[in-house]
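Structural overview for review
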Amino acid sequence: MGKRFALVSLGCAKNQVDSEIMSGILQEAGYREVPRNRADILIINTCAFIDPAKQEAIDTIFDAVRARAAGDSPAGQKILVCGCLSQRYAAQLPKLIPEADCFIGVDRIGEIAEIAAACQAGTQEKVYTTKVSKLVPDFGQPRALMSPPHYAYVKIAEGCNHACAYCAIPRIRGGHRSRSVQNILKEIRHWLKRGVKEINLIAQDTTYYGVDARNGDSLAGLLRAINALPGDFWVRVLYTHPAHWNRELIDAFAECKKVVKYIDIPLQHIADHLLKSMRRKTDGDYIRRLLRDIRQAVPGIGIRTTFISGLPGETEEDHAELRDFIREFRFERAGVFPYSREEGTPAAKMPGQVHHATKKRRANELSMLMAGIADDIGQHLLGKRLRVLVDAPGLARGPWDAPDVDAAIHVDPALPVGEFAEVEIEDSIAYELFAKGAAPED
């Protein structure tokens, strides 16, 4: 029985951590990672948040099935579909994709070695899921980084207690469960000892951290504890929710020197009636006050946000309000997505569904506006010196640039990879910056 595996990780950083755990478990069990076309076990870790993610997952599964049938992969290759797609559609998938050998939900990834062995022995069940996800991330599980060795994602909680009308995540990942501070610090110390220079804190909602524990834990307290650890490293916080920001957290961002001056805060919209119907627990005035408070308390902060265009009930007036809001607050990093109508969510049944062409037009308008703002912000950085973390020869990221989602800074290719460097910006194009010594563009 061969013990070669390949793992395809789809979706966001939170999925990547699950994939890294499965890879670590399999390697500890004696499996060896190889290219997909040589693997005895192919694991596809899926996302099912919105339609494009589901389509990517389905396409990847059928690509693997076709490769096996055509002889481009081993004839006996076992295809294991893991993650959110399996959790969300456990009842339907075995009938829709019988070619897959089994489907594994989000709480069963810790059993991946045993399930892989069962598949190879032909004794597997077709579906491994739990009705409700309750798993709490734990540093005790093996983990093999899929990112470059100088940065790591640390999942501080799992699940979500929000009931945003457009979102299916609570149905997939369950309610919010925070890890203990000590368990998180133990993991961070582990990565720092191995040379990691950037710790990226992730969860479905990082600002809700500790609220469920009711023991005084909070994101602000966690940041201060991490900031007290020895070493020269960055801490970056992703996936915050505007409803849970407070003065304590703003002060922690202002005072913790290792916490980069970057905030990821998906706002989704600014029109009051849409924020209410989408159950965002905020209104436009609150959001504007929060952003002004953050900018005043943390000079030089880079704010990343995302918006959803074409939510049910969105009018041209709402779209114009959002456009004006973006012009006023000039976000350093921003993205926009057309609304995806997800079955099983309250928003899917709401009246006032916006035509797909209108959603796309509005999203394109906002994207063009954001690109223009980014270009202007980049021009204002010319001649400034930035501390960057070098990701690859000639490519780095600054404080405003999270891995995988934000743009790169082009730097001198001679700068050592995985180390910090000081560079001077001499050119910019939209979100991309060019430092002195960068190789010329082709």
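Computed from a prediction, not measured in an experiment: that's the story for all the values here.

**Considering the sheet that holds strand E4 (residues 78-83)**
Strand order across the open sheet formed by six strands is E2-E1-E3-E4-E5-E6, with parallel pairing between neighbours. Both edges of this open sheet fall to strand E2 (32-33) and strand E6 (127-128), since each of them pairs with a single strand only. By the bridge criterion, two bridges tie strand E5 (residues 102-104) to E6 in an arrangement that is parallel. Residue Phe103 lies in a different strand from E6, and its bridge partner there is Val127.

**Overview of the packing of helix H7 (residues 181-193) against helix H8 (residues 219-227)**
It is the contact of H7 with H8, at a shortest axis distance of 11 Å, that shows an interaxial angle of 35°. Relative to H8, the crossing made by H7 is right-handed. Of the residues in H8, those in contact with Val181, Ile184, Leu185 and Ile188 of H7 are Leu222, Ala225 and Ile226. For the contact of H7 with H8, a count of residues per class yields seven nonpolar, no polar and no charged.

**Thoughts on the layout of surface pockets**
Taken as a whole, the largest pocket spans an internal volume of roughly 1,400 Å³. Forming the boundary of the largest pocket are 50 residues, of which Cys12, Lys14, Phe49, Tyr239 and Phe337 lie nearest the centre. Of all elements in the fold, only helix H1 (13-28), helix H2 (51-70), helix H6 (169-173), strand E13 (302-309) and strand E14 (333-338) reach the threshold of two or more residues within the lining of the largest pocket. Residue composition of the lining of the largest pocket, grouped by class: 30 nonpolar, twelve polar and eight charged. The computed volume of the second largest pocket comes to approximately 370 Å³. In terms of lining, the second largest pocket is formed by 21 residues, of which the most central are Lys261, Leu386, Arg387, Pro399 and Trp400. The element contributing the most residues to the lining of the second largest pocket is strand E15 (residues 385-392), with three residues. Across the lining of the second largest pocket, the residue classes tally to ten nonpolar, three polar and eight charged.

**Examining the environment of Tyr128**
Note on placement: Tyr128 falls in strand E6. Once residues within four sequence positions are removed from consideration, Tyr128 is found in contact with Cys102, Phe103, Ile104, Gly105, Arg108, Ile115 and Ala118. A polar contact is formed between the side chain of Tyr128 and the backbone nitrogen of Glu125, at a distance of 2.9 Å.

**Some details on the nonpolar core**
Of all hydrophobic cores here, the largest spans 102 residues; its most connected members are Leu80, Ile156, Leu201, Leu223 and Phe325. Those residues in contact with Leu80 that lie beyond four places of it in its chain are Ile41, Leu42, Ile43, Ile44, Cys102, Ile104, Ile112, Ile115, Ala116 and Cys119. The next biggest cluster of nonpolar side chains, apart from the first, holds 24 residues, and it includes Leu42, Leu85, Ala168 and Ile172.

**Regarding helix H5 (residues 112-121)**
Because each turn of an α-helix spans 3.6 residues, side chains separated by three or four positions end up pointing in the same direction. Within H5, seven of the ten residues are buried, which leaves the element mostly enclosed by the surrounding structure. Where H5 is concerned, the buried positions are Ile112, Ala113, Ile115, Ala116, Ala118, Cys119 and Gln120. Of the surrounding elements, those touching the buried residues of H5 are H1, strand E3 (41-46), E4, E5 and E6. Among the residues trailing H5, Gly122 stands out with phi positive, at a value near 75°.

**Description of the pairing of E3**
Counting buried residues in E3 gives six out of six residues, a clear majority hidden from the surface. The side-chain alternation of E3 yields two buried faces, one formed by Ile41, Ile43 and Asn45 and the other by Leu42, Ile44 and Thr46. Relative to E3, strand E1 (residues 4-9) is paired through five bridges, and the arrangement is parallel. From the neighbouring strand, Ser9 faces E3, where its bridge partner is Asn45. Sheet analysis places E3 next to E4, joined by six bridges and oriented parallel. For Asn45, the partnering residue across the bridge sits in E4 and is Cys82. The β-α-β motif built from E3, the intervening H2 and the parallel element E4 has right-handed crossover chirality.

Cut-offs and rules
- Residues numbered from 1 in each chain as written.
- Predicted model: local features only at pLDDT ≥ 70, side-chain atom pairs only at ≥ 80, totals over all residues.
- Heavy atoms only, no water.
- Pairing = 2+ DSSP bridges.
- Helix = DSSP H or I, 4+ residues; strand = E, 2+ residues; numbered from the N terminus.
- Axes fitted to C-alpha atoms, helices over the stretch in contact; angles between N-to-C directions.
- Left-handed = near helix turned anticlockwise from the far one by under 90°.
- Contact = heavy atoms within 4.5 Å.
- Nonpolar A, V, L, I, M, F, W, Y, C, P; charged D, E, K, R; others polar.
- 1 Å grid on protein atoms, 1.4 Å probe; cavity = no way out; pocket = protein on both sides within 12 Å on 5 of 7 lines; lining within 4 Å.
- Points joined across faces, edges and corners; volume = space filled by probe spheres on them.
- Polar contact = N/O pair within 3.5 Å; in protein donor to acceptor, adjacent residues only side chain to side chain.
- Core = buried A, V, L, I, M, F, W, Y, C linked by side-chain atoms within 4.5 Å.
- Buried < 20%, exposed > 50% of the residue type's maximum accessible area, 1.4 Å probe, protein only.
- Right-handed = clockwise from strand over helix to strand, strands pointing away.

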